[in-house]
Amino acid sequence: MIEAHNLGVTFPGGTEALKGINVTIDDGEFIAVIGLSGAGKSTFLRTLNGLVKPTTGSVRVGGVDVGSLSGKALQRFRRTVGFIFQQFNLVTRLSAIDNVLHGRIGYLPTWRGLMGLYGERDYELAAAYLDEVGLAEKKDVRVDSLSGGQQQRVAIARAMAQEPQLVLADEPMASLDPRLSDVILGLLKDYNEARGVTVLVNIHVLELARRYAQRVLAFNQGRLVFDGPVADLTEDLAEQIYAGSLEAL
């Protein structure tokens, strides 16, 4: 599903966000991405859907060289990758179902997408995924009247509506309390297991990573410093990861 080879990203001004990342991820894996703030976790996720272009090396998703894409080719690719943001990125004045329908825009001709002319199947999918995240009764409710946890569930339903091959979640629980964090990760884990869709979640709570993930990728100062089964993430290793005392893989 994912192959990164010597992947590097340097932002204007000279900040090296990623340095020489080499990693392979198979179909159907559920992976926690951990590390301190600024370690490169979010940049790594954003290279996987083309929001950030590699400066060096390459990244391939489903056999596609993401860094080489632009224009309509990039748009077509992005519809296959669901992205769940920390701050939800919803249109708050619209209803829950209208926000979920935005996940179908990539499948519409441009003129239909601009006018919001969705088909019957689009509405059926949007309603089904709202039901899957437990918000069927909220489908016609404006998003700005929903709680934070409910808004994040709408964002998850929107990503599901894309029928993606890959789901990326960038600290989706950062603004939620611990109970709601379990709800969000439980939904993503259920989706992963039921459909075999690869899921990468940027997680800032180690206990959640241990509870839900099969595998952990740990970043420090732009380098991948740990890649292994969650069972191998001992307390000692975790301390070394966050202290920056592990050498890059």
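Before reading further, recall that the structure is shown in the block above.
Residues numbered from 1 in each chain as written. Predicted model: local features only at pLDDT ≥ 70, side-chain atom pairs only at ≥ 80, totals over all residues. Heavy atoms only, no water.

Chemist: Is there a simple way to explain the overall build of the protein in this structure?
Modeler: The helix and strand inventory of the protein stands at nine helices and 10 strands. Relative to a compact globule of 249 residues, whose C-alpha radius of gyration would be 18 Å, the protein shows 18 Å and is just as compact. Dimensions of the protein, computed from the C-alpha atoms along their principal axes, are close to 50 × 40 × 35 Å. A buried classification covers 50% of the 249 residues belonging to the protein. Long-range contacts, defined as pairs at least 24 residues apart, comprise 70% of the intrachain contacts of the protein with a sequence gap of at least 6. With the model as given, the accessible surface of the protein reaches about 11200 Å², and the carbon-plus-sulfur share is 49%. Considering the protein, the positive charge centre built from 25 side chains and the negative charge centre built from 29 side chains are found 8 Å apart. (Helix = DSSP H or I, 4+ residues; strand = E, 2+ residues; numbered from the N terminus. Rg over C-alpha atoms; globule rule 2.2 N^0.38 Å. Buried < 20%, exposed > 50% of the residue type's maximum accessible area, 1.4 Å probe, protein only. Contact = heavy atoms within 4.5 Å. Areas by Shrake-Rupley, 256 points an atom, 1.4 Å probe, with all protein chains shown as cover. Lys, Arg positive; Asp, Glu negative; His and termini not counted. Charge placed at Lys NZ, Arg CZ, Asp CG, Glu CD.)

Chemist: So what exactly am I meant to see when it comes to the packing of aromatic side chains here?
Modeler: The description of two aromatic rings rests on the distance between their centres and on the angle between their planes. One pass over the full model with this rule turns up three aromatic pairs. Judged by centre distance (5.3 Å) and plane angle (40°), the ring pair of F44 and F219 falls under tilted. Here the residue F44 occupies a position in helix α1 (residues 41-48), and F219 occupies one in strand β9 (residues 215-220), the gap between them amounting to 175 residues. An angle of 90° between the planes, with centres 6.3 Å apart, marks the rings of Y118 and Y123 as edge-to-face. Classification of Y118 as buried rests on a relative accessible area of 14%. (Phe/Tyr/Trp six-rings, centres within 6.5 Å; stacked < 30°, edge-to-face > 60°.)

Chemist: So what exactly am I meant to see when it comes to the packing of helix α5 (residues 120-132) against helix α6 (residues 148-161) here?
Modeler: Helices that pack against each other are described as a pair by the angle of their axes relative to one another and the distance between those axes. As a packed pair, α5 and α6 sit with axes 9 Å apart at the nearest point and diverge in direction by 135°. Comparing their axes, α6 and α5 come out oblique. For the element pair α5 and α6, the recorded crossing hand is right-handed. Across the interface between the two elements, Y129, L130 and E132 from α5 touch V154, A157, M160 and A161 from α6. Split by residue class, the contact of α5 with α6 holds six nonpolar, no polar and one charged. (Axes fitted to C-alpha atoms, helices over the stretch in contact; angles between N-to-C directions. Parallel < 35°, antiparallel > 145°, perpendicular 65-115°, else oblique. Left-handed = near helix turned anticlockwise from the far one by under 90°. Nonpolar A, V, L, I, M, F, W, Y, C, P; charged D, E, K, R; others polar.)

Chemist: Before we go on, may I ask you to explain the pattern of salt bridges in this structure?
Modeler: Evaluation of the coordinates by the stated rule reveals 12 salt bridges. One salt bridge in this structure joins R215 and E29, with 2.9 Å as the shortest N-O distance. Linking R215 in strand β9 with E29 in the loop between β2 (16-25) and β3 (30-34), this pair joins segments that are 186 residues apart in sequence. The same class applies to R215 as to E29, namely buried. One connected set of salt bridges, linked through shared partners, spans R104, R121, D122 and E163. (Salt bridge = Lys/Arg side-chain N within 4 Å of Asp/Glu carboxyl O.)

Chemist: Just checking my understanding: could you explain the pairing of β9 for this structure?
Modeler: The two faces of a sheet get side chains in turn, since along a regular strand they alternate between them. With respect to burial, β9 is a largely interior element, six of its six residues being buried. Of the two faces of β9, the one holding R215, L217 and F219 and the one holding V216, A218 and N220 are both buried throughout. When β3 meets β9, the two strands line up parallel, connected through four bridges. Residue pairing in the sheet places V33 in a bridge with L217 of β9. (Pairing = 2+ DSSP bridges.)

Chemist: In this structure, what is going on with α1? I would like to understand it.
Modeler: For an α-helix, the turn length of 3.6 residues means that residues three or four places apart are oriented alike. Along α1, six of the eight residues are buried, which leaves the element largely enclosed by surrounding structure. When we look at burial in α1, the residues that qualify are K41, T43, F44, L45, T47 and L48. Just downstream of α1, G50 is the residue with a positive phi angle, here 85°.

Chemist: Before we go on, may I ask you to explain the pairing of strand β4 (residues 56-61) in this structure?
Modeler: With five bridges connecting them, strand β1 (residues 2-10) and β4 associate as antiparallel partners. Paired with H5 across the two strands is S58, which belongs to β4. As defined by bridge partners, β4 adjoins strand β5 (residues 64-65) across two bridges and the pair is classed as antiparallel. What sits directly across from V61, in β5, is V64. Counting the residues that bridge the hairpin from β4 to β5 gives two residues, and of these G62 lies at a positive phi of roughly 60°.

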